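Residue-level structural notes
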Amino acid sequence: MRIVIAVLAILSVSACASPPVNRNSAAPLETVSSVDLDRYLGRWYEIARLENGFEKNCEGVTADYSMREYGLIEVLNTCREGAPDGKARAARGRARVVDAATRSKLEVSFFGPFWGDYWIIDLTGEYSRSIVGEPSGRYLWILSRTPAISEDSRLEALGKLQALGYETSALYFTRQPPSPDDPPAE
């Protein structure tokens, strides 16, 4: 029985292993000054991320946010396994605002009482692109309302991340299915 308990303890600790820190800055991570949650709700496409265990082999990633009762936000993250048109895998969770003054600091939970930081550290004025991170520098996402962003928008996001001390070379750019508005491949 002691061996079983020891093995379970080791597996539990290893399951909690975090990805590496990809931010080299002593300055505290700042969030945007204000978020209109009604405008933030809806579908976001993952443009890039710092690799993490729960998105292993994920492409075509989307996040859908909607209001729930009691001020909570419904979160539905969908990943396509291995390819933008791969088998869909979804995770349903909830989010809550932890900074009522700005609404730019939230926490997200996908299981039980465990919550993780979801800080909006960049947001375009028209709510077309967002950058989400957390204070440790281990998790980061560039999100967009469309499956692809312009080269100018990509460079602007990377510049902001570099100014915040992020290792942008560690970003993985998610493959998304082509938009119906994209010209056909020749």
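Note that the structure is predicted; figures quoted are calculated from it, not measured. (Residues numbered from 1 in each chain as written. Predicted model: local features only at pLDDT ≥ 70, side-chain atom pairs only at ≥ 80, totals over all residues. Heavy atoms only, no water.)

1. Quick notes on the packing of aromatic side chains
- Taken as a whole and assessed by the stated rule, the structure comprises 7 aromatic pairs.
- On the numbers, 5.0 Å between centres and 35 degrees between planes, the contact of Tyr-40 with Trp-44 is tilted.
- Of the residues examined, Tyr-40 reaches a relative accessible area of 4% and is grouped as buried.
- With a centroid separation of 6.5 Å and 35 degrees between ring planes, the pair formed by Phe-54 and Trp-141 is classed as tilted. With Phe-54 in the loop between strand E1 (42–50) and strand E2 (58–67) and Trp-141 in strand E8 (residues 140–144), the pair connects residues that are 87 residues apart, well separated along the chain. (Phe/Tyr/Trp six-rings, centres within 6.5 Å; stacked < 30°, edge-to-face > 60°. Buried < 20%, exposed > 50% of the residue type's maximum accessible area, 1.4 Å probe, protein only. Helix = DSSP H or I, 4+ residues; strand = E, 2+ residues; numbered from the N terminus.)

2. Comments concerning the pattern of salt bridges
- One pass over the full model with this rule turns up 13 salt bridges.
- We note a salt bridge from Glu-74 to Arg-92, for which the minimum N-O separation is 2.8 Å. One end of the pair, Glu-74, is in strand E3 (residues 73–81); the other, Arg-92, is in strand E4 (residues 88–97), with 18 residues separating them in the sequence.
- Given a relative accessible area of 15%, Glu-74 falls into the buried group.
- Close ionic contact of Lys-160 with Asp-122 constitutes a salt bridge, the shortest N to O distance being 3.4 Å. (Salt bridge = Lys/Arg side-chain N within 4 Å of Asp/Glu carboxyl O.)

3. With respect to the pairing of strand E5 (residues 105–111)
- Relative to E5, E4 runs antiparallel, the two sharing 4 bridges. Following the sheet pairing, Arg-96 is matched in E5 by Glu-107.
- Direction of pairing for E5 relative to strand E6 (residues 114–123): antiparallel, over a ladder of 5 bridges. From the neighbouring strand, Leu-106 faces E6, where its bridge partner is Tyr-118.
- The turn joining E5 and E6, which pair antiparallel and follow one another in sequence, is formed by 2 residues; a positive phi near 55 degrees is taken by Gly-112. (Pairing = 2+ DSSP bridges.)

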